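Examining the three-dimensional arrangement
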Amino acid sequence: MTTSNNSQPQDFDGFWQAVLAELAATPAAPEVEEIPLRSTDFAAAYGVRLTSIGPYRIYAYLSIPHGAGPFPVRYHLPRYGSVTDLVPQGASNGQRREHITFAICVRGQRLADQPYAAAFPGQLTDGIDDPSSYVYRGIVADCVRGVEYLTSRPDVDSARIAAIGNDLAFTTAALSQHVTHLVCTPTLLFDTHDLARRTSAYPLEEINDYLRLHPDREAAVAGTLSHFNLRWLAPRVNAATLLMAGSHGSALDASALQPLVDGIQGAIDVHEAEHSGYRDGRHSEEWLSRQFGMSEPSLPPHWRG
């Protein structure tokens, strides 16, 4: 098994084919229940329970606008942490007026933490000695299960399904052709083994902590991470993509992410961070509204002017 980010693992395709085959053999068994407290005068909110590989029962928040569909979808993939919400913190709740929003709680996160409650820090190295035991194998399957559920709904516009988030959004777009648009900020799963060596910041420092405790396992850890490296998943991405890079000169700036740009098969735009939640957020909202053919971007009230 390779320990280099510059070589794709020999069993890479077979590894992901096995994950998808296991998922296909696992009935989703959806259960949907309205959440009146989260419903508004323009959208109804629901909690959705689904079964992913394991089998493991996961949870998702679903919001559907009132009125006639089908509606475009914003599929929010989780950040690294214990909590997922109906709309990401800082985003406009107004996006629920015209879009179906769907936010998945993957295994280990709150509302999907039975029987497995993830530790933060700690989850990034859970089972990392082998790709078949690495917790992200199940987490990625959870994310793909979410988009499969969306496509089963008649109120979903299957030509406008956007995966939005960090590395899990990218991975989901790579493994499911149902994703038509991708807004992604790579953070953890691009050349992870090499990037961790150059930082002491969490959560990547979890990798360094683990290897300080288990230096004999470095080759195994590098091999596992190579199976999840966005670099090797990029050629599977056919969605129209907005890649949100780090600021110029940072470890994940546009030049560092060039292998993803070169690999992605769909149309791609790259935006380097401007150290401004307003400017970066507005850029991504305006990009998605153009892609979806919407007249106005969905902006928080304090961003409008």
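Preceding this paragraph is the structure being described.
Below, the structure is looked at part by part. (Residues numbered from 1 in each chain as written. Predicted model: local features only at pLDDT ≥ 70, side-chain atom pairs only at ≥ 80, totals over all residues. Heavy atoms only, no water.)

1. Brief notes about helix H9 (residues 277-292)
- With 16 residues, H9 extends 22 Å from end C-alpha to end C-alpha; this agrees with the ideal 22 Å at 1.5 Å per step.
- Those residues of H9 lying buried are Asp-280, Gly-281, Ser-284, Glu-285, Trp-287, Leu-288, Ser-289 and Phe-292.
- The secondary structure elements touched by the buried residues of H9 are strand S4 (71-76), strand S6 (156-165), strand S7 (181-184), strand S8 (240-245) and strand S9 (268-272).
- Gly-293, located one to two residues past H9, shows a positive phi value of around 70°. (Helix = DSSP H or I, 4+ residues; strand = E, 2+ residues; numbered from the N terminus. Expected span 1.5 Å × (residues − 1). Buried < 20%, exposed > 50% of the residue type's maximum accessible area, 1.4 Å probe, protein only. Contact = heavy atoms within 4.5 Å.)

2. Quick word on the pairing of S7
- Because side chains alternate across S7, one face comprises the buried residues His-181 and Val-183, and the other comprises Leu-182 and Cys-184, equally buried.
- Bridge count for S6 against S7 is four bridges, and the pairing is parallel. Paired with Ala-163 across the bridge in S7 is Leu-182.
- Relative to S8, S7 is paired through four bridges, and the arrangement is parallel. Directly across from Val-183, in S8, lies its bridge partner Leu-242. (Pairing = 2+ DSSP bridges.)

3. Details of the nonpolar core
- Of all hydrophobic cores here, the largest spans 71 residues; its most connected members are Trp-16, Tyr-75, Phe-102, Ile-104, Tyr-136, Phe-170 and Leu-182.
- Ranked by the residues each element gives to this core, the list is headed by helix H2 (residues 135-151), at 10 residues.
- Dropping the residues within four chain positions of it, Ile-104 is found in contact with Ile-58, Tyr-59, Ala-60, Tyr-75, His-76, Leu-77, Pro-78, Thr-84, Gln-109, Asp-142, Cys-143 and Gly-146. (Core = buried A, V, L, I, M, F, W, Y, C linked by side-chain atoms within 4.5 Å.)

4. Quick notes on the packing of aromatic side chains
- For the structure shown, the criterion picks out nine aromatic pairs.
- Between Tyr-59 and Tyr-61 the ring centres are 5.4 Å apart and the planes differ by 90°, which places this aromatic pair in the edge-to-face class.
- Overall, the relative accessible area of 10% leaves Tyr-59 in the buried class.
- Judged by its relative accessible area of 10%, Tyr-61 is buried.
- Between Tyr-75 and Phe-102, the ring centres sit 5.4 Å apart and the planes meet at 50°, which makes this aromatic pair tilted. Highlighted residues: Tyr-75 in strand S4 and Phe-102 in strand S5 (residues 100-105), separated in sequence by 27 residues. Pair check on accessibility: Tyr-75 and Phe-102 agree, each one buried.
- Here the aromatic cluster, defined as three or more aromatic residues joined through ring pairs, consists of Phe-15, Trp-16, Tyr-134, Tyr-136 and Phe-228.
- If you follow Arg-97 out to its NZ or CZ, it ends over the ring of Phe-42, 4.0 Å from the centre. (Phe/Tyr/Trp six-rings, centres within 6.5 Å; stacked < 30°, edge-to-face > 60°. Lys NZ or Arg CZ within 6 Å of the ring centre and 35° of its normal.)

5. Points about the pattern of salt bridges
- Under the definition given, this model contains 16 salt bridges.
- When the shortest N-O distance is used, the salt bridge between Asp-129 and Arg-217 registers 3.2 Å. Linking Asp-129 in the loop between S5 and H2 with Arg-217 in the loop between helix H5 (205-213) and helix H6 (218-227), this pair joins segments that are 88 residues apart in sequence.
- Under the relative-accessibility criterion, Arg-217 is labelled partly exposed at 29%.
- Between Asp-157 and Arg-160 there is a salt bridge whose closest N-O contact spans 2.7 Å. (Salt bridge = Lys/Arg side-chain N within 4 Å of Asp/Glu carboxyl O.)

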